Amino acid sequence: MQSRLRVQGHPIQPMLVTFPYGLFVCAAIFDLADVAGGPAFLGEVGYWTTVAALVAAALTTVAGMVDLWDVPPDRTRHTAITFNLVNAGMAGLFLLACLIRADGPYRGASPALLVTELVALAVGGVGVRLGARLMRHFEASRAEATSFDALRVRTKV
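Cut-off values and rules
- Residues numbered from 1 in each chain as written.
- Predicted model: local features only at pLDDT ≥ 70, side-chain atom pairs only at ≥ 80, totals over all residues.
- Heavy atoms only, no water.
- Helix = DSSP H or I, 4+ residues; strand = E, 2+ residues; numbered from the N terminus.
- Expected span 1.5 Å × (residues − 1).
- Buried < 20%, exposed > 50% of the residue type's maximum accessible area, 1.4 Å probe, protein only.
- Arc of directions from axis to C-beta.
- Core = buried A, V, L, I, M, F, W, Y, C linked by side-chain atoms within 4.5 Å.
- Contact = heavy atoms within 4.5 Å.
- Phe/Tyr/Trp six-rings, centres within 6.5 Å; stacked < 30°, edge-to-face > 60°.
- Axes fitted to C-alpha atoms, helices over the stretch in contact; angles between N-to-C directions.
- Parallel < 35°, antiparallel > 145°, perpendicular 65-115°, else oblique.
- Left-handed = near helix turned anticlockwise from the far one by under 90°.
- Nonpolar A, V, L, I, M, F, W, Y, C, P; charged D, E, K, R; others polar.

For the rest of this paragraph, the subject is helix H2 (residues 18–35). With 18 residues, H2 ought to run about 26 Å at 1.5 Å a step, and its terminal C-alpha atoms sit 26 Å apart, in line with that. Residues of H2 that are buried: Pro20, Tyr21, Phe24, Ala27, Ala28, Asp31 and Asp34. Taken around the axis of H2, the buried residues stretch over an arc of 145 degrees, which confines them to a single face. Relative to its buried face, H2 has exposed residues pointing more than 90 degrees away, namely Phe19 and Ile29. With its phi angle positive at about 105 degrees, Gly37 sits one or two positions after the end of H2.

See the structure below:
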């Protein structure tokens, strides 16, 4: 399978997916520090980190949907659809937490919202596993020689 969205021969979606995952983890760490009694600004930073992660997740979802058109209709397609749904579920839980926090003047996290974020990260862990399976499958389909013979320059005699 060749992705439609590529940068120098590499698919964009696997590169983009690291941004929302990393930002969601950072947001949960900031919120954990806020709930644990850290300075109040950590809750605000956690909120805005979640907003940035949701924007990154939306861009990643678009790239994933474009790539989904090129996946053959077999077990791999099922895995790709599940991967996208799991990522959407994770983003949905963070969106719910973000919307609840957006209503108040203080955008800090509560213990219940922190638990929601941790559940979302657990769901995201399933997405990471599915994404790794997809990458192994697609890299195996375009495998190149990995021995030192592949590096040797072939000359005509």
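Back to the text.
Judged by nonpolar contacts, the single largest core of 19 residues is most densely connected at Phe24, Leu54, Ala80, Phe83, Met90, Ala91 and Phe94. Listing elements by their share of this core, those giving two or more residues are H2, helix H3 (41–68), helix H4 (75–102) and helix H5 (111–141). Here this core takes seven residues from H4, the largest share from any one element. With sequence-adjacent residues up to four places away left out, Leu54 is seen in contact with Phe24, Ala91, Phe94, Leu95 and Cys98.

For the structure shown, the criterion picks out two aromatic pairs. Seen in terms of ring centroids, Phe24 and Phe94 are 4.1 Å apart; in terms of plane orientation they differ by 20 degrees. Their pairing is stacked. You can see Phe24 sitting in helix H2 and its partner Phe94 sitting in helix H4, a full 70 residues away along the chain. Residue Phe24 is classed as buried on the basis of its relative accessible area of 0%. You can call Phe94 buried: its relative accessible area is 0%. Here Tyr47 and Trp48 contribute two aromatic rings whose centre-to-centre distance is 4.9 Å and whose plane-to-plane angle is 80 degrees, an arrangement assigned as edge-to-face. Looking at Trp48, the relative accessible area reads 45%, which means it is partly exposed.

A few words on the packing of H2 against H3. Remark: H2 packs on H3, axes separated minimally by 8 Å, with the N-to-C direction vectors making an angle of 165 degrees. If you check the angle between H2 and H3, you find them roughly antiparallel. The element H2 and its partner H3 pack so that their crossing is left-handed. Grouping the amino acids of the contact of H2 with H3 by side-chain chemistry returns 16 nonpolar, five polar and two charged.

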